[in-house]
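So the chains spell out like this:
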Amino acid sequence: MLLGLEWYWWLMIAAVVIISIPFKVKLMKWWSRQQKEKEDNRKDKWGGEE
């Protein structure tokens, strides 16, 4: 028992972390793309870089 949790709870926590990593990567790529599009639209709107 580590920190008062049984082994199967640690197994479940590890599974959730492993499953969530690809979703986090996908979210970070999406967020980066959205920020880049927003910045590009701002530059195009005013006709040049600031």
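Scoring rules and cut-offs
- Residues numbered from 1 in each chain as written.
- Predicted model: local features only at pLDDT ≥ 70, side-chain atom pairs only at ≥ 80, totals over all residues.
- Heavy atoms only, no water.
- Phe/Tyr/Trp six-rings, centres within 6.5 Å; stacked < 30°, edge-to-face > 60°.
- Buried < 20%, exposed > 50% of the residue type's maximum accessible area, 1.4 Å probe, protein only.
- Salt bridge = Lys/Arg side-chain N within 4 Å of Asp/Glu carboxyl O.
- Helix = DSSP H or I, 4+ residues; strand = E, 2+ residues; numbered from the N terminus.
- Patch = residues over 30% accessible without salt bridge, like charges linked within 9 Å, V, L, I, M, F, W, Y side chains within 5 Å.
- Areas by Shrake-Rupley, 256 points an atom, 1.4 Å probe, with all protein chains shown as cover.

With the rule as written, the count across this model stands at three aromatic pairs. Considering the side-chain rings of Y8 and W9, the 5.8 Å spacing of their centres and the 45° angle between planes classify their relative orientation as tilted. Relative to W31, the ring of W30 has its centre 6.2 Å away and its plane inclined at 50°; by these criteria the two rings are tilted. Assessed through its relative accessible area of 38%, W30 is described here as partly exposed.

For the coordinates displayed, the defined rule picks out one salt bridge. Between D40 and K36 there is a salt bridge; the shortest N-O distance is 3.2 Å. You can see D40 and its partner K36 sitting in helix α1 (residues 7-46), four residues apart, about one turn around the helix. The exposed category is assigned to K36, whose relative accessible area is 54%.

This part takes up a nonpolar patch on the surface. A cluster of nonpolar side chains, namely W7, Y8, W9, L11 and M12, defines an oily patch on the protein surface of about 610 Å² accessible area. Here M12 lies in helix α1.

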